[in-house]
Amino acid sequence: MSYDTIIRNGRWFDGTGAPSAVRNLGIRDGRVVAVSTDDLDATDCPQVIDATGKWVLPGMLDIHTHYDVEVLNGPALAESLRHGVTTVMLGSCSLSTVHVDATDAGDIFGRVEAIPREHVIGAVEQHKTWSNCEEYIEALESRPLGPNVAAFIGHSDMRAAVMGLDRATRKDVRPTKGEQAQMERWLAEALKAGFVGMSSQQLLFDKLDGDVCRSRTLPSTYAKPRELRRLKSLLRRAGRVLQSGPDIQNPLNLGSQLAQSLGIVRNPLKTSLLSAADVKSNPYSIHALGPAARLVNKLGGNFRWQHLPVPFEVYADGIDLVVFEEFGAGAAALHMRDEVERNELMRDEAYRRRFRKEYESKLGIRVWQRDFFDAEIVACPDASVVGKSFGEVGRDRGGLHPVDAFLDLVLDHGRALRWRTTISNHRPDVLRKLAHDTGIQMGFSDAGAHLRNMTFYNMGLRFLRHVHDAEKTGRPFMTIEHAVHRITGELADWYRIDAGHLRIGDRADVVVVDPAHLDDSLDRYAESEVDQYGGLSRMVNRNDDTVTAVLVSGRAVFLDGQLTDLVGNRRTGRFLRAAHKAPALSRQEGELASVS
C-alpha cells in the first residue's frame, strides 16, 4: 500500500474528544486511510512529515467570518490556513453576496464590516456570474479555494435584493406577498443546495454605507415578526441553523430569540446568537448567558451562544471603530465621510457636550465600556502621548475631560492616532468557565472584516494555549482532547458539515501543532498588506513556529512556516454542503480550479 503523505509519531486527536495517542497516519487520495501504532511503509511516498513531539489535529473550524468578499478576489484565504483553520463559514450576520448587486453589497458590507466599499463593489462586479445558490457554489469551486467553505444565506442579502435597498430599510414598508414568497423560495433553494442555514441580524448599531441609505441599519433589522416566522419555519423543517445577533438594548428581543429555539409542538429551531460574553460594560451579564442557554436546551430547544474564547481586544485609527455606532454622538461622526465636515463637527462645543453626556450615561446596555482611561494610545505623531490612555492625556493637559482629550487628538492627527482597548473576555477565570459551557460555541472571529480593528485568526491556537498552560501548571480545567473537540468535531457535528474529524475514512484536513510554541508569540502584533484591497494594511497574527504543517484534502498548504505553492494557484478546499458527505477533492478538480 502506498501513501501520498505519511505523518509520523504525532500525538493524534480524532476530534471526537476520545483519548489521544501517538500514531502514524497514512493519507491517500485526500483521505485518511491508516491510523497505526506501527511504522507505515514510506516506499514511493512523496511526503513524510515527522510529527514527533507534536500534536496532529483535525483542521479547525471558523464558524463566524466575513470572507464573502475576499473569497472572490483572494480565495486562498491564507490568513486562516496558516493558523490551522481548514474550514470557514461565510454569510454571517445577515450578510452574503448571493443575491444583492454590487452597489448594494458595497453599501451593506462597507461600513458594517469595515471593508473598503469600493473594493466590495469591484469584487462583486468583476466576479458575479451566479443568480442562485447552486451557481454561487459552482463559482466558488471554480476558484483556487484554500480552505473548505460552508455558508449561511444572509437575510439582509435576500431582503435587499427582492425589495431594493431603499424599501428594505424603511420602517413603514413591508415586503409584498410576492416579495415574501420570493425570499422563502430563495431560502428553500439555499437549504436544498446545502447551506447550513440563514443568518439574520437585529443588532441596531450596524449601519449602512453609501449615499442613499447611509446610516440606516441592516435590512434584516426592519423585518416584522411574521416575515421572520415564515423564514424560520423553513429552517425548523429542514433542521438547519438560524445565526443572529440580538438587539441587546431590547430585553424582549433577546428573550424571544432564546424562546424561539424551543420546539414543544414543532421542531426546535437550531439557534446560534452572537455574544460578547464577559463584557466589561456589564460584568454580571455573564451569569445569565450560560444558565439561559442550558434552560432552553433542557426544555427541548437547541440553542448556542457564539463566543470568542480569547480577550476581545480592538484597535482603532482615530474615531473609526464600530463601537462608536452604538450611541448617537459616535454614530453622527461616523455618518460623515468627508473629513473636513467630520472635523468641524468634532470642534463644535454643542457636539462635544452631547458626546460627554452620552459617554458618562450609565443607562442602557452597551458593548463598549466607554472608559477612555481604559484605552491605550499605541501610535501617534506626538510621541509624548504613546503608551498613555486618553484619560491620562486629559489629566496631563490641565484636567481636560477624557472625551475632549480624545477628540483633540483625533483632530490633530486623524487616522495616524492608533489606540486599543479590550471590551470583553478579559478575565481568565471566566474564560475557563465558559470553555466548559455546553450552551456556548467557540467562534466569532470576524475573519475577513474589521481589517484594521481586530485579529482573531489564531483564536483556536490561543484557546489551546490557555488549556495547555493550565495543564502544565498542574491546574487543568479541561483536557486537551476536550479542547480540540470544541474547536473541531463539536462544531462540525452541530452545523452538520463533513469536517472536524480525523479518523480512517475522513477527509484529510489536518493541522500539526508544536505545543512547545503555544507561547507568547500567539499574541504578537503584525500587519500585512491585502493586495485585493488596494494594499490596505490589515492586522494579522504571526505564529509560524506553532503550526508546522496544514493539509487540506490531503494536500499541504502550509509547511515549516511557509505557504506552499498550491496556495492561491490550485484549489484545495471545496464547498461543504450541510448534511452531505463531502467527497475528497481529486487532483484533477484542483488542477481545473487554478489561477489563469
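All values reported here derive from a predicted model rather than from experimental measurement. (Residues numbered from 1 in each chain as written. Predicted model: local features only at pLDDT ≥ 70, side-chain atom pairs only at ≥ 80, totals over all residues. Heavy atoms only, no water.)

Peer 1: Which residues make up the UniProt feature "domain: Amidohydrolase" (unreviewed entry) in the protein, and what values do they have?
Peer 2: Following the UniProt record, one finds the feature "domain: Amidohydrolase" (unreviewed entry) at residues 47-235. For residues 47-235, the helix share is 41%, the strand share is 14%, and the end-to-end C-alpha distance is 44 Å. (UniProt positions renumbered as here; feature names shortened; annotations may be inferred. Helix = DSSP H or I, 4+ residues; strand = E, 2+ residues; numbered from the N terminus.)

Peer 1: Kindly report on the packing of helix α12 (residues 328-335) against helix α14 (residues 349-360), identifying the contributing residues and their values.
Peer 2: At a minimum axis distance of 8 Å, the contact between α12 and α14 shows a crossing angle of 135°. In this view, α12 runs oblique relative to α14, as classed from their interaxial angle. For the pair formed by α12 and α14, the contact residues are G328, A329, G330, A332 and A333 on the first element and Y351, R354, F355 and E358 on the second. Taken together, the residues of the contact of α12 with α14 break down into five nonpolar, two polar and two charged. (Axes fitted to C-alpha atoms, helices over the stretch in contact; angles between N-to-C directions. Parallel < 35°, antiparallel > 145°, perpendicular 65-115°, else oblique. Contact = heavy atoms within 4.5 Å. Nonpolar A, V, L, I, M, F, W, Y, C, P; charged D, E, K, R; others polar.)

Peer 1: Please provide a residue-by-residue account of a negative patch on the surface, values included.
Peer 2: Where like charges cluster on the molecular surface, the negative patch consists of D338, E339, E341 and E344. Among the structural elements, E344 can be located in helix α13 (residues 339-347). Using a relative accessible area of 52% as the deciding quantity, one classes E344 as exposed. (Patch = residues over 30% accessible without salt bridge, like charges linked within 9 Å, V, L, I, M, F, W, Y side chains within 5 Å. Areas by Shrake-Rupley, 256 points an atom, 1.4 Å probe, with all protein chains shown as cover. Salt bridge = Lys/Arg side-chain N within 4 Å of Asp/Glu carboxyl O. Lys, Arg positive; Asp, Glu negative; His and termini not counted. Charge placed at Lys NZ, Arg CZ, Asp CG, Glu CD. Buried < 20%, exposed > 50% of the residue type's maximum accessible area, 1.4 Å probe, protein only.)

Peer 1: Summarise the pairing of strand β21 (residues 555-559); cite the residues concerned and give the values.
Peer 2: The two faces of a sheet get side chains in turn, since along a regular strand they alternate between them. The buried count for β21 comes to four of five residues, which makes it a mostly enclosed element. Judged from the four bridges that link them, strand β20 (residues 547-552) and β21 form a sheet pairing that is antiparallel. Bridge pairing in β21 places V550 opposite F558. Between β20 and β21, which follow one another and run antiparallel, lie two residues, and S553 among them has a positive phi close to 50°. Relative to strand β22 (residues 562-563), β21 is paired through two bridges, and the arrangement is antiparallel. From the neighbouring strand, F558 faces β22, where its bridge partner is L563. (Pairing = 2+ DSSP bridges.)

Peer 1: Account for the environment of S445, naming residues and giving values.
Peer 2: Position of S445 relative to the elements: it lies in the loop between β16 (440-442) and α18 (459-472). Residue S445 is classed as buried on the basis of its relative accessible area, which comes to 2%. Note: C-alpha distance between S445 and H307 (138 residues apart in sequence) is 8.8 Å. Among all residues touching S445, those that are not within four sequence positions of it are D62, H64, T65, F456 and M459.

Peer 1: Describe in detail the packing of aromatic side chains, supporting the description with residues and values.
Peer 2: A full pass over the atoms with the stated rule returns 26 aromatic pairs. With 5.1 Å between their ring centres and 45° between their planes, Y315 and Y525 make a pair best called tilted. With Y315 in strand β13 (residues 312-317) and Y525 in the loop between β17 (510-513) and β18 (526-530), this residue pair connects regions lying 210 residues apart in the sequence. Residue classification places Y315 among the buried residues on the basis of a relative accessible area of 6%. (Phe/Tyr/Trp six-rings, centres within 6.5 Å; stacked < 30°, edge-to-face > 60°.)

Peer 1: I'd like a description of the domain arrangement of the protein, backed by residues and values.
Peer 2: The domains assigned to the protein are domain 1 (5-59 + 506-563), domain 2 (61-313 + 424-495) and domain 3 (326-418). A straight line from the C-alpha centre of domain 1 to that of domain 2 covers 26 Å. On the domain 2 side, the residues contacting the 46 residues of domain 1 number 38 residues. With both chains or domains summed, domain 1 and domain 2 bury close to 3,700 Å², and 57% of this area falls on carbon and sulfur atoms. Looking at the side of domain 1 facing domain 2, the largest losses of area belong to Y533, R538 and M539, adding up to 20% of the total buried there. At the boundary of domain 1 with domain 2, the tally comes to seven salt bridges. (Domains from an automatic or database assignment. Buried area = accessible area lost by both parts, 1.4 Å probe.)

Peer 1: Please provide a residue-by-residue account of the sheet that holds strand β12 (residues 303-307), values included.
Peer 2: Taken together, the eight strands give an open sheet; going across it, the order is β6-β7-β8-β9-β10-β11-β12-β16, and neighbouring strands pair in parallel fashion. Where the open sheet ends on each side, the last strands, each with one partner, are β6 (60-62) and β16. Geometrically, the sheet is characterised by an average inter-axis angle of 30° between neighbouring strands, direction not taken into account. Sheet contacts for helix α10 (residues 251-259): β10 (241-244), β11 (270-274) and β12; angle to β12, the most-contacted strand, approximately 125°. Here helix α19 (residues 480-487) sits on the sheet and contacts β6 and β16; the angle it forms with β16, its principal contact strand, is near 85°.

Peer 1: For the sheet that holds strand β15 (residues 418-424), give the residues involved together with the corresponding values.
Peer 2: As summarised here, the arrangement of the three strands in space is β13-β15-β14, forming an open sheet in which the pairing is antiparallel. In this open sheet, the two strands that pair with only one neighbour each are β13 and β14 (376-379). Direction aside, neighbouring strands of the sheet carry axes that sit 35° apart on average.

Peer 1: Residue-level account of the side chain of H468, with values.
Peer 2: Assignment of secondary structure puts H468 in helix α18. According to the relative accessible area criterion, H468 is buried, its value standing at 11%. When sequence neighbours within four positions are dropped, the list of residues in contact with H468 reads W55, I480, P515 and L518.

Peer 1: Can you tell me about the nonpolar core, naming the residues and giving the values?
Peer 2: Note on soluble globular proteins: their nonpolar side chains tend to be buried together. Ranked by size, the top nonpolar core spans 90 residues in total, and within it L90, I108, I153, L187 and F195 carry the most contacts. Take this core: its biggest share by element is six residues, from helix α8 (residues 177-193). In this structure, this core is formed jointly by two domains, domain 1 (5-59 + 506-563) and domain 2 (61-313 + 424-495), each of which donates at least three residues. Those residues in contact with L90 that sit more than four places away from it in its chain are T65, Y67, D68, V71, Y136, L140, V149, A150, A151 and F152. A316, L334, C380 and L407 belong to the second-largest nonpolar core, a separate cluster that totals 46 residues. (Core = buried A, V, L, I, M, F, W, Y, C linked by side-chain atoms within 4.5 Å.)

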